[in-house]
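Descriptive structure summary
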Amino acid sequence: MSRTALDVTPGSPPPPEDDHTFLGQPGGLLTLSGLEVWERFSFLGMQAILVLYFADTLAHGGLGMSAGTAASVSAAYGTLVYLVSVGGGWLADRILGSYRAVLWGGVLIACGHYSMAVPTAAMTWVGLGLISAGTGLLKPNVATMVGKLYATDDDRRDAGFALYYMAINIGAFAGPLVTGWLGDHQGWHWGFSAAAIGMTFGLVQYVAGRRRLAGREHAAESALAPEATRRAIRLIVAGILGTAAVATALATAGWLTMGRFVDLLTLVSVIAPAVYFAVMFASGRVSAEERGRLRPYVVLFLASTVFNFILFQAYSTMMLLAASNARTTILGFDFPASWYASALGAFEVALAPVVAALWVRMGRRQPHASNKIAIGVVLGGLSFLLMALPTSGHGGGDYLMSAWWIVGSYLLLGLGDILLETSGMSATTKLAPAAFSSQTMSLWFLSLALANGIQAQTVKLYDDVSQPAYFGVNGAIAVVAGLAVIAVAPWLRRTMHPVH
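Conventions used here
- Residues numbered from 1 in each chain as written.
- Predicted model: local features only at pLDDT ≥ 70, side-chain atom pairs only at ≥ 80, totals over all residues.
- Heavy atoms only, no water.
- Axes fitted to C-alpha atoms, helices over the stretch in contact; angles between N-to-C directions.
- Helix = DSSP H or I, 4+ residues; strand = E, 2+ residues; numbered from the N terminus.
- Parallel < 35°, antiparallel > 145°, perpendicular 65-115°, else oblique.
- Left-handed = near helix turned anticlockwise from the far one by under 90°.
- Contact = heavy atoms within 4.5 Å.
- Nonpolar A, V, L, I, M, F, W, Y, C, P; charged D, E, K, R; others polar.
- Salt bridge = Lys/Arg side-chain N within 4 Å of Asp/Glu carboxyl O.
- Buried < 20%, exposed > 50% of the residue type's maximum accessible area, 1.4 Å probe, protein only.
- Core = buried A, V, L, I, M, F, W, Y, C linked by side-chain atoms within 4.5 Å.
- Expected span 1.5 Å × (residues − 1).

**Here's the deal with the packing of helix H1 (residues 27–55) against helix H4 (residues 121–148)**
For any two helices packed against each other, the geometry is given by the interaxial angle and the distance between the axes. Where H1 contacts H4, the axes come no closer than 11 Å and their chain directions differ by 150°. As far as their axial angle goes, H4 and H1 are roughly antiparallel. Seen along the crossing, H1 lies across H4 with a hand that is left-handed. Counted together, Leu 29, Leu 32, Leu 35, Glu 36, Glu 39, Arg 40, Phe 43, Met 46, Leu 50, Tyr 53 and Phe 54 of H1 and Thr 124, Trp 125, Leu 128, Ile 131, Thr 135, Leu 138, Lys 139, Val 142, Met 145 and Val 146 of H4 form the full contact between these two elements. Tallied by class, residues from the contact of H1 with H4 come to 15 nonpolar, two polar and four charged.

See below:
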């Protein structure tokens, strides 16, 4: 049904074009943006201290992992989150509906953070599992709900998504400040508790503002038939229980170690997008014209993978580097090393309006979407190449660099993220075949899963090679990848219609 022809029932939100209750935007945007502030507060707040918790000694309340292992396990957790997100989109579309998927996802996330607040290793793993499942339900469906607030031809749509994107980065900025201070001064599990409370706040305001959300009273848009739904639920439950039983048996037998589990997730992250693209290219429901647009999208998909491989290390190897080899004083003010993660959110909050205004000013003279993505990848690579400078020329690991080196690296990374994420997600929705339009976000999440899967293997080298070599080589690969996308820009412009 067209968004311009919605039926209005008692208690339902007003038609999109008549709702201007939040800064000229639909009131539901306040509810969903508020949820994202707290979800990102909890998710990235926890992630900013997770690798430090893994690497800290048992005596100080950590898990005593080596730096490389801590970064690898942290990346594997990210891989699992984005792999589950693919299934979360399907569940919302076919069984739960977006509103309930987001609600139950938030409940699982909150339960996961509360579990991690319990100071035992076992509850840490239980908590990470719950958070992975919850984020997989919540994350792909909140953006879908934002889109439902607007009629197809509503001129406020882009501005609304800009406000929503701002909310995400406010949470990304605030989360590490709170969890980092608590983790540094009170203990890691106090930081996890703050993440739990933040997600609870998000759920409360989500439920309180539910009347402003479009379609909340409806079931899944492409719901399965009742019998098919019951069968799907039985299969899902059986699959979860069966997988848990097999994993427990293998772990008890000593075969399923943490290292092998990480390797398994990496393998799945590689196979899943390969199968996804193969199905789309071979599908009889995909026209020759749509198949032609898929080819350039493969290039953009790989570019996203390379950039996010660098971006996600802002919460792993960069955190480890900051904790061991960076000063934690700026202008006489001392701060926890995990606060560096807040710089990324702060830069994106500050720079996103500037970049948006620049594109408006340039109009049709602005770079093609593929070039924006390529520049983003180059900036990501430069952020790592920059770190090769202060880490060079030291006989050992006993040195401290100025805080401004890491701040500068995060500035480049934040600007690159703005360029790539906004253009990449837009291109995804326009280039995906019509038969797979409801699964376009799954494609994007698979690039994030693949980036984390590759990271989970690469960061194992962090303990074995010099810091200049690690950051220099990875940064150089990203720069070369970005330049390669620029080199094929003429072909991309010809084949990416209607993306401009």
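**Quick word on the pattern of salt bridges**
Any two side chains of opposite charge can pair, on the condition that their charged atoms come close. The final tally for this structure, using the stated rule, is six salt bridges. For Glu 36, the salt bridge is made with Lys 139, and the minimal N-O distance between the two is 3.0 Å. Linking Glu 36 in helix H1 with Lys 139 in helix H4, this pair joins segments that are 103 residues apart in sequence. Both residues of the pair, Glu 36 and Lys 139, belong to the buried class. One salt bridge connects Arg 40 with Glu 39, and the closest N-O pair in it is separated by 2.7 Å. For Glu 39, a relative accessible area of 0% corresponds to the buried category. Within this structure, Glu 227, Arg 230 and Arg 234 form a network of salt bridges that share partners.

**Comments concerning the nonpolar core**
Met 46, Phe 54, Tyr 340, Ile 406 and Tyr 410 are the most contacted members of the largest nonpolar core, which has 94 residues in total. Excluding anything up to four places from it in sequence, Phe 54 contacts Leu 63, Gly 64, Met 65, Ala 70, Val 73, Ser 74, Thr 124, Trp 125 and Leu 128. Counting residues in hydrophobic clusters, the runner-up holds 20 residues, among them Tyr 99, Ile 109, Leu 203 and Tyr 206.

**Digging into helix H7 (residues 226–252)**
Counted at 1.5 Å a residue, the expected span for H7 with its 27 residues is 39 Å, and the 39 Å between its end C-alpha atoms agrees. Listed in full, the buried residues belonging to H7 are Ala 228, Thr 229 and Ala 232. Those residues of H7 that are buried are in contact with helix H2 (67–96). Trailing H7 by a residue or two, Gly 254 shows a phi angle of about 90°, which is positive.

**What about the environment of Gly 134?**
Looking at where Gly 134 falls in the secondary structure, it is placed in helix H4. Measuring from C-alpha to C-alpha, the distance between Gly 134 and Ala 110 comes to 8.4 Å, with 24 residues separating the pair along the chain. Residues contacting Gly 134, with those up to four places away along its chain left out, are Gly 105, Leu 108 and Ile 109.

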